[in-house]
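Descriptive analysis of the structure
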Amino acid sequence: MQSENPMPIPMLRPRRLRTSVTMRSLVRETILRPADFIAPLFVRHGNGIRQPIKSMPGQFQLSIDQAVIEARDLAARGIPAVILFGIPEHKDACGSENYSPDGIIPSAIRAIKAACPDLLVITDMCFCEYTDHGHCGIINVPGDKHHIPALPHGYLLNDPTLELLAKASVVHADAGADIIAPSGMIDGMIAAIRTALDAGGHSHISVMSYAAKYASGFYGPFRDAAESTPTFGDRHQYQMDPGNKREAMKEVAIDVAEGADILMVKPAMPYLDIIHQIRAAYDHPVAAYQVSGEFAMIHAAAANGWVDLERCALESLTCIKRAGADMILTYFAKDATDWISK
Ligand code: PBG
């Protein structure tokens, strides 16, 4: 017997395009490739060192010889770039190892470029790993030549820090870096670095700005890995407040005006709206940094048997790309490449 109100028969059936693996693959909009990834490496002094980082499974502090082995391995997998973080021998008030030509990063750049000339070497341009106080530049301290009495003790001094960023960027470029990536959220950092690179004969070297970098709790594991936790205070006076979106657009506009070649958002997954909005507003390549805490959370949940590592890692990377990232800095770079090439 016919009921009075039969269920309407759907005329539109999106599920037709999900009927098989091949059908789903035919209509997939966002596809990860090894060329999307930039692999972070932590480099330290010594020889034969491969020191595991506890909160970041599969990640290591590497001596230069080991970093070269790792770089070869990444390049062979089709990963186009690494970004280097240095752990210095010795820290001081102005982070001088960052601009020493024999410092850990310039030495690592020379070794990696000699072994893998086609692999792009990006250097994270910041002072927090190199200063004894762990802040990203010069700090206001009574008695110091930069001291400004009107500003509080411990305030990060913007313009003196620019001089150091400019100097260190030229040193890294002299050593062979392909891209300089300033991460300190210091006002004017792109212009200062661009001007110094051009004056130093490096007008062909790109600047990837950490343009919208938030003061994030998700950097926790990184600070153990890079030994860069501030000894006092936090980074809220220079990194952005997580609630702000218009301010991200202002930061990006300034970096574009100052000549940034690539715009980065960091962290990635909690900030997909920011990635999306920058992608829509600018034609520059957009990078997203899936940071240490994002990586550690997926690993920790997987280690507990609560989520599947491969599935969640690839899903997170796909979503970051779908939001608008052209490239992703991720500690999953190597594993993800192996998973997607299976
Ligand atoms: C600063 C820098 C940090 C990260 C990249 N560059 C740390 C910070 O701002 O405290 C974090 C990356 C991560 O968490 O994976 N040199």
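Residues numbered from 1 in each chain as written. Predicted model: local features only at pLDDT ≥ 70, side-chain atom pairs only at ≥ 80, totals over all residues. Heavy atoms only, no water.

**With respect to the overall build of the chain**
The condition that has to hold: Runs of E in the DSSP output that reach at least two residues are strands. Runs of H or I that reach at least four are helices, and both are numbered from the N terminus. The atom set for the radius of gyration is the C-alpha atoms, and the globule formula is 2.2 Å times the number of residues raised to the power 0.38. Burial classification: accessible surface area is computed with a 1.4 Å probe over protein chains only, and a residue below 20% of its type maximum counts as buried, one above 50% as exposed, and the rest as partly exposed. Two residues form a contact once any of their heavy atoms are found within 4.5 Å.
Summing up its helical and strand segments, the chain has 11 helices and 10 strands in all. For a compact globule of 342 residues, the expected C-alpha radius of gyration is about 20 Å, and the chain comes in at 22 Å, within 12% of that figure. Viewed in the frame of its principal axes, the chain has a C-alpha envelope of about 95 × 45 × 40 Å. Out of the 342 residues in the chain, the part that is buried amounts to 51%. In the chain, of all internal contacts separated by at least 6 residues, the share reaching a separation of at least 24 is 72%.

**Describing helix α11 (residues 333-341)**
We apply this condition: For this quantity, the arc is that covered by the directions from the helix axis to the C-beta atoms.
Among all positions in α11, only Ala333, Ala336, Thr337 and Trp339 are buried. Buried residues of α11 fall within an arc of 165 degrees about the axis and therefore sit on the same side. Elements in contact with the buried residues of α11: β1 (37-44), α10 (309-323) and β10 (327-330).

**Examining the site of the ligand**
The condition is simple: Throughout, the term near means that a residue has one or more heavy atoms lying within 4 Å of the molecule or strand in question. Polar contacts here mean pairs of N or O atoms no more than 3.5 Å apart (in protein, one a potential hydrogen donor and the other a potential acceptor; neighbouring residues in sequence count only if both atoms are side-chain atoms). To be clear on the numbers: accessible area is Shrake-Rupley with a 1.4 Å probe, and residue cover counts the displayed protein chains and nothing else. Note on residue categories: nonpolar means Ala, Val, Leu, Ile, Met, Phe, Trp, Tyr, Cys or Pro, charged means Asp, Glu, Lys or Arg, and polar means any other residue, Gly included.
Lining the immediate environment of the ligand, one finds 19 residues, of which Lys213, Arg223, Lys266, Ser292 and Tyr331 sit closest. In this structure, Arg235 approaches the ligand through a side-chain N or O atom, which is 2.9 Å from an oxygen atom. Gln239 places a side-chain nitrogen or oxygen 2.9 Å from an oxygen atom of the ligand. For the ligand, whose free accessible area comes to 400 Å², the fraction covered by protein is 100%. At the level of elements, β7 (206-213) and α6 (220-225) are the ones that each hand at least two residues to the shell around the ligand. Partitioned by chemical class, the residues of the shell around the ligand number 10 nonpolar, three polar and six charged.

**Considering the packing of aromatic side chains**
Put simply, the test is: A pair of aromatic rings is counted whenever rings of Phe, Tyr or Trp (Trp by its six-membered ring) have centres within 6.5 Å, and the orientation is called stacked for planes under 30 degrees apart, edge-to-face for over 60 and tilted otherwise.
Within the structure shown, the criterion is met by 11 aromatic pairs. An angle of 20 degrees between the planes, with centres 4.2 Å apart, marks the rings of Tyr214 and Tyr271 as stacked. On the criterion of sequence distance, the pair formed by Tyr214 in the loop between β7 and α6 and Tyr271 in the loop between β8 (262-266) and α8 (272-281) is long-range, its members being 57 residues apart. Here Tyr214 and Tyr271 have matching classes, each one buried. Judged by centre distance (5.6 Å) and plane angle (55 degrees), the rings of Phe295 and Tyr331 are tilted.

**Digging into the environment of Val252**
With respect to the helices, strands and loops of the structure, Val252 is situated in helix α7 (residues 246-257). A sequence separation of 86 residues divides Val252 from Asp338, and the C-alpha atoms of the two residues are 34 Å apart. Once residues within four sequence positions are removed from consideration, Val252 is found in contact with Ala211, Leu263, Ile278 and Tyr282.

**Topic: the packing of helix α3 (residues 104-115) against helix α4 (residues 158-175)**
Condition: Axis angles are defined between N-to-C directions and span 0 to 180 degrees, where every axis is a line fitted to C-alpha atoms and, for a helix, only to the segment in contact. For this classification, under 35 degrees means roughly parallel, over 145 means roughly antiparallel, 65 to 115 means roughly perpendicular, and everything else is oblique. In this scheme the crossing of two helices becomes right-handed for a clockwise turn of the near helix relative to the far one and left-handed for an anticlockwise turn of less than a right angle.
Two numbers describe how α3 lies on α4: the axes approach to 8 Å, and their chain directions differ by 25 degrees. As far as their axial angle goes, α4 and α3 are roughly parallel. Read as a crossing pair, α3 and α4 show a hand that is right-handed. In this structure, α3 contributes Ile105, Pro106, Ile109 and Arg110 to the contact, and α4 contributes Val171, His172 and Ala175. Classifying every residue of the contact of α3 with α4 gives five nonpolar, one polar and one charged.

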